Amino acid sequence: MFMKRQLPIAIAATIGFLTLFGWFVDEPVIKSFVDDDATQWFDILASFAMFLGALNLLKMQSLKVIKRKKGWPYAALAIAGFAFSFTAGFILLGSYNVEISQYDDPAQVATVLASEINLDEKSTANILMAMPEGDPYLIETPYFTKVGADKVVEKINAAGGTANMRATEWGAHIATRGSLFNWMFRFIFTPLSATMFALLAFFVASASYRAFKIRNFEATLLLISGIIIMLGRVPIGGNISAWFILYIVVLALSAGVNTWFKNRVYTLVSVVGGVLIVTIAGFIMGWPVDQPAIFYLPVLQDWIYNNPNVAGARAIMIGIGLGIFATSIRYILGIEKSYIGE
Amino acid sequence: MKDKQFWSVAGIIFVLFMIYWFAGHPYFVAERAVMFWSVLVVGGVLIYSTRMAKRGEKITLRSIPGLKAVEEAVGRSTEMGKPVLYVPGIMDMDQVETVAGVVVLGHVAKMTARYETSLNVPVSRAIVMKAARESCRESYLLEGRPDLFHDDMVHYLTDDQFAYAAGVNGIMIREEPAACLYMGKFYAESLLLAETGNSIGAIQIAGTASPSQIPFFVTACDYTLIGEEFFAASAYLSQDPELIGGVKGQDYLKILFTSVLLLSVLFFSLNIFEQQRSSEWKDLKHKTNLNAEKAISEFWKNADPVSRYQAVNRSVLEPGAERILNKYKNLSYSDLSKRQKNSIAFTTGTLFWIQLPVDNRMELVNQTFTDNNQSLYDADEEFRQLEIVKEGKNNWNQMGEAERREYKLKFPGLSGVDLYAEIGKETITWEDHEVDWAINQRSIPVIKNILMVQ
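Residues numbered from 1 in each chain as written. Chains lettered and ligands numbered in written order. Predicted model: local features only at pLDDT ≥ 70, side-chain atom pairs only at ≥ 80, totals over all residues.

Caption draft 1: Structural detail: the overall build of chain A. A count of helices and strands for chain A gives 14 helices and three strands. A compact globule built from 342 residues should have a C-alpha radius of gyration of about 20 Å, whereas chain A, at 34 Å, is more than 25% larger. Dimensions of chain A along its principal axes, counting C-alpha atoms only, are 100 × 75 × 60 Å. With 342 residues in all, chain A has 19% of them scored as buried. (Helix = DSSP H or I, 4+ residues; strand = E, 2+ residues; numbered from the N terminus. Rg over C-alpha atoms; globule rule 2.2 N^0.38 Å. Buried ≥ 20, exposed ≤ 12 C-beta atoms within 10 Å, placed from the backbone.)

Caption draft 2: Examining the overall build of chain B more closely. Scanning chain B from N- to C-terminus turns up 23 helices and six strands. Reported as C-alpha extents along the three principal axes, the dimensions of chain B are approximately 85 × 75 × 50 Å. Of all 454 residues assigned to chain B, the portion counted as buried reaches 37%. Across chain B, every contact between residues at least 6 apart in sequence was considered, and the portion connecting residues at least 24 apart equals 74%. (Contact = placed C-beta atoms within 7 Å.)

Caption draft 3: Inspection of the interface of chain A and chain B at higher detail. Taken residue by residue, the interface counts 57 residues in chain A and 64 residues in chain B. Mapped by element, the contributors of at least two residues to the side of chain A that touches chain B are α2 (28-66), α8 (180-211), α10 (235-239) and α14 (308-333) of chain A. Sort the elements by how many residues they give to the side of chain A that touches chain B and α14(A) lands first, with 16 residues.

Caption draft 4: Structural context of the domain arrangement of chain B. Split by domain assignment, chain B resolves into domain 1 (4-61 + 244-263), domain 2 (65-231), domain 3 (288-354) and domain 4 (373-451). Between the C-alpha centres of domain 1 of chain B and domain 4 of chain B there is a distance of 33 Å. (Domains from an automatic or database assignment.)

Caption draft 5: Representation of unusual backbone geometry in the model. Residue and element names in this part refer to chain B. The residue E116 is not glycine, and still its phi comes out positive at about 60°. Following the sequence through the fold, E116 ends up in the loop between α4 (96-115) and β2 (119-123). Take E116: there are 10 C-beta atoms within 10 Å of it, and that puts it in the exposed class. A positive phi angle, near 50°, is found at E176, a position not held by glycine. Mapped onto the secondary structure, E176 falls in the loop between α6 (161-175) and β4 (179-183).

Caption draft 6: Representation of the sheet that holds strand β1 (residues 96-103) of chain A. Residues and elements named next belong to chain A. With antiparallel pairing, the three strands of this open sheet are ordered in space as β2-β1-β3. Edge positions in the open sheet fall to β2 (137-138) and β3 (161-167), since each of these has one partner strand only. As paired strands, β1 and β2 are joined by two bridges and run antiparallel to one another. If you follow E99 over to β2, its bridge partner there is L138. Seen against the sheet, helix α6 (residues 146-158) touches β1 and β3 and runs at an angle of roughly 165° to β3. (Pairing = 2+ DSSP bridges. Axes fitted to C-alpha atoms, helices over the stretch in contact; angles between N-to-C directions.)

Caption draft 7: Looking closely at the nonpolar core. One finds V108(B), A132(B), L181(B) and Y182(B) to be the most contacted residues of the largest nonpolar core, which totals 93 residues. No other element matches α4(B), which puts eleven residues into this core. (Core = buried A, V, L, I, M, F, W, Y, C linked by C-beta atoms within 7 Å.)

Caption draft 8: Spotlight on the domain arrangement of chain A. Entries for chain A in the domain assignment read domain 1 (6-90), domain 2 (93-175), domain 3 (211-308) and domain 4 (309-340). Taking the mean C-alpha position of each, domain 2 of chain A and domain 3 of chain A sit 68 Å from one another.

Caption draft 9: Main features of the packing of α14(A) against helix α11 (residues 241-269) of chain B. α11(B) packs onto α14(A) with a crossing angle of 140° between their chain directions and a minimal axis gap of 10 Å. The pairing of α14(A) with α11(B) is recorded here as oblique in orientation. Here α14(A) and α11(B) pass one another in a crossing that is right-handed. Seen from α14(A), the contacting residues are I318(A), L322(A), G323(A), A326(A) and R330(A); seen from α11(B), they are G246(B), G249(B), Q250(B), L253(B), K254(B) and F257(B). Class assignment of the residues belonging to the contact of α14(A) with α11(B) gives a composition of five nonpolar, four polar and two charged. (Parallel < 35°, antiparallel > 145°, perpendicular 65-115°, else oblique. Left-handed = near helix turned anticlockwise from the far one by under 90°. Nonpolar A, V, L, I, M, F, W, Y, C, P; charged D, E, K, R; others polar.)

Caption draft 10: View of helix α5 (residues 126-142) of chain B. Residues and elements named next belong to chain B. Between its terminal C-alpha atoms α5 stretches 24 Å, which fits the 24 Å expected from 17 residues at 1.5 Å a residue. Among the 17 residues of α5, 13 are classified as buried, and the element is accordingly described as predominantly covered. Once α5 finishes, G144 follows within two positions and takes phi at roughly 75°, a positive value. (Expected span 1.5 Å × (residues − 1).)

Caption draft 11: Main features of the sheet that holds strand β1 (residues 84-87) of chain B. Residue and element names in this part refer to chain B. Strand order in this open sheet of six strands is β3-β2-β1-β4-β5-β6, and the pairing throughout is parallel. Both edges of this open sheet fall to β3 (154-156) and β6 (223-226), since each of them pairs with a single strand only. The average undirected angle you get between the axes of adjacent strands in this sheet is 15°. Note: β1 against β4, four bridges, orientation parallel. The residue bridging L85 from the neighbouring strand is C180, located in β4. Each of β2 and β3 is contacted by α5, which is oriented at about 175° to β3, the strand it contacts most. Helix α7 (residues 189-199) rests against β1, β4 and β5 (203-208) of the sheet, and its axis sits at about 165° to β5.

Caption draft 12: Broad picture of the confidence of the model for chain B. For chain B, mean pLDDT is 86; residues scoring 70 or higher make up 94% of the total. Prediction confidence for the complex, expressed as pTM and ipTM, is 0.76 and 0.84 respectively. (pLDDT = per-residue confidence, 0-100.)

Caption draft 13: The pairing of β6(B), seen in detail. Residue and element names in this part refer to chain B. Neither face of β6 is open: one carries Y223 and L225, the other T224 and I226, and all of them are buried. Bridge analysis of β5 against β6 gives four bridges, and the strand direction is parallel. Opposite T208, over in β6, you have I226 as the bridge partner. Crossover handedness for the path β5 to helix α8 (residues 214-220) to β6: right-handed. (Right-handed = clockwise from strand over helix to strand, strands pointing away.)

Caption draft 14: Main features of the environment of D159(B). All names here are of chain B. Turning to its location among the elements, D159 is positioned in the loop between β3 and α6. A count of 16 C-beta atoms within 10 Å places D159 in the partly exposed class. As for D159 and L142, which are separated by 17 residues in sequence, their C-alpha atoms are 31 Å apart. Non-local contacts of D159, meaning those with residues more than four positions away in its chain, are made with S124 and R125.

Caption draft 15: Main features of α6(A). All names here are of chain A. The end-to-end C-alpha distance of α6, which contains 13 residues, comes to 18 Å, matching closely the 18 Å that a straight helix rising 1.5 Å per residue would cover. As for α6, its buried residues are in contact with β1, α4 (106-117) and β3. One or two positions beyond α6, positive phi appears at G160, with a value near 105°.

Caption draft 16: Highlighting the environment of E229(B). Residues and elements named next belong to chain B. If you trace the backbone, E229 turns up in helix α9 (residues 228-231). When the 21 C-beta atoms within 10 Å are taken as the criterion, E229 is described as buried. For the pair E229 and G66, spaced 163 residues apart in the sequence, the C-alpha separation amounts to 9.0 Å. In this structure, E229 is in contact with I64 and G66, ignoring residues within four places of it in sequence.

Caption draft 17: Focus on the packing of α8(A) against α6(B). As a packed pair, α8(A) and α6(B) sit with axes 9 Å apart at the nearest point and diverge in direction by 65°. The crossing of α8(A) and α6(B) is left-handed. Touching S193(A), M196(A) and F197(A) of α8(A) are F162(B), A165(B) and A166(B), all from α6(B). Looking at the contact of α8(A) with α6(B) residue by residue, the classes come out as five nonpolar, one polar and no charged.

Caption draft 18: Looking closely at the pairing of β4(B). Residue and element names in this part refer to chain B. Counting buried positions along β4 gives five out of five residues, so the element sits mostly inside the fold. What you see with β4 is no split at all: A179, L181 and M183 on one side and C180 and Y182 on the other are buried throughout. A crossover connection joins β4 to the parallel β5 through α7; in handedness this β-α-β unit is right-handed.

This is how it looks when you write it as structure tokens:
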């Protein structure tokens, strides 16, 4: 019981106090613990915990395949993908380089090398001739298999050059460009991630469509400010005259007058009067595109973005900051124990 | 005021700290004293409110629709015979939001145990998987339904953000849960999850403290817990007096911070701080504005209409705007409005005094103060000695073991303040400390220190 209840709380409290007040302490050991060691301990723990997750994933997917549950082919694909990544990372090196240390006749060697580096023979020969004296030439893209690399070495040796195969070091093969693992990352994983990310564009459009429906005052406000910011941030917004926006404002206010007073005369007066005032003002000022500035879309969107938006965001951030502090204090003091299941 | 024990302990801590402070406060980073006291005050308020609630003080929480809807959502799932999907975010247990998400999961698990609804919790981190499992197991045990709990209820998908989103989306499409709860830390995948949940017709309740994701959840979900509502969820669902007291404490702190904000705005507006009333401030303001006017006038005289247009509008010339270039060609400098001059100042980089960031203005004022009182500055030996020791101490703290050994060999027999002084003498550059000297001379040290808080 002590191990499951009191010990976790004691550990959380001790480390929590140490990390919180360690920031105010000017002692090297504590400073290095707070700044470096604590986060490194967590990273190490999380890395080892990955095994638990991986085993759980395999177990879940395997049970699905074995019991032939709905969608089991996808589970089989997941297991195959896991196996492939595991193999590419831990079992197969997948990265063998070919280095040409000597090439007395570059043109002859180029006849073999050109197909390996996807260039014509003349350019390949020029590259070899331009290499500094004594410097070996390394074929940039490594080969996935030892056999493949050896074949190229044989061909180059037969063409009069001296080539040898060099295996990339274990560990470095993960990041080496062109290795099997790297190929899998660049040509399978990255496109799939990009595909999921690209879906966001469509989801944003559909979410915006739903959000901008005029149901109430807040939704209307969201719609109007959204339109202003979207238009104000693109070149066309700069071409829309402030006077055009003023006319729209006059019409919107007149709609409000009509809704409030429900009187045709009042509405007519507000529309005609508003349009007249704006027109006269426009003639007097010479119809500048960007004046009055508050109705010029780029200026208006800038104001909305830098003022009410920032104010709202900061208010939320203050609340979030307080919430985080209060929650953390509860965990450190042991008031909140739900995270250990109590 | 009613909790004598609390005030006694607070008093003891205060007295002990004062003794420690006046004894030279060894090992304490003095520059962070204000932050230290802020932490103590905030923590004290929270602890006080928690204790008051524990002693029976009646506290009413406003109703939070999102939290009231959690039980409705679970009930809906029970009626439809479909599972509840709970997503505790994509980050690990080192994030407070994830821990809060796991806590709320415990309460949701109690409901699903009570109503015998199946619960599906796909997680993105192995440690979260273990913590969430423990939380669910305990909840089912407390409800007297340990038979309904199984480990696979909480299962790991993947660490990768979009792979996780794809996995959860797949679960939603295949299993069609009636309720989707998103409680934790989210990033770009938030809208992917919420929109997919929307497409299957599930009731969705989200809670996160990630400000950039809140708008997406508000748009796509039926209920959203914004910021601190999410952290109050545990208090709200459990109705535990201690936790509710903490929520009240947060409200007290909000009142305190808002008051400080309003006071600060008032002080700055009324130029209460000495720097703003000083002659250096007024002189620099006048000089800076004069220089800016000269530079802008020169720019305007020599610029072509396109450059003028771009400087005034702070944008490139848009297609079709050529027709208005004549206006800029004929516009004289004296006809420019204040807004236009400010725009040009931004574009050309010669800012007016009001456009300079507050920190830059303070630095200029303080530098000028030192320049105007150079003789006093040169004669202030006490300040120099303190700065040398401070510089040496900072350098010592940043040194590695090898470098420290070198200095110890270089200055044998010296340690502590004496050693710091020798190191400081070697490395100090006085230009950086002239501003500090000016700040030290100001006659409102408390406010100065608050302004200088790090």
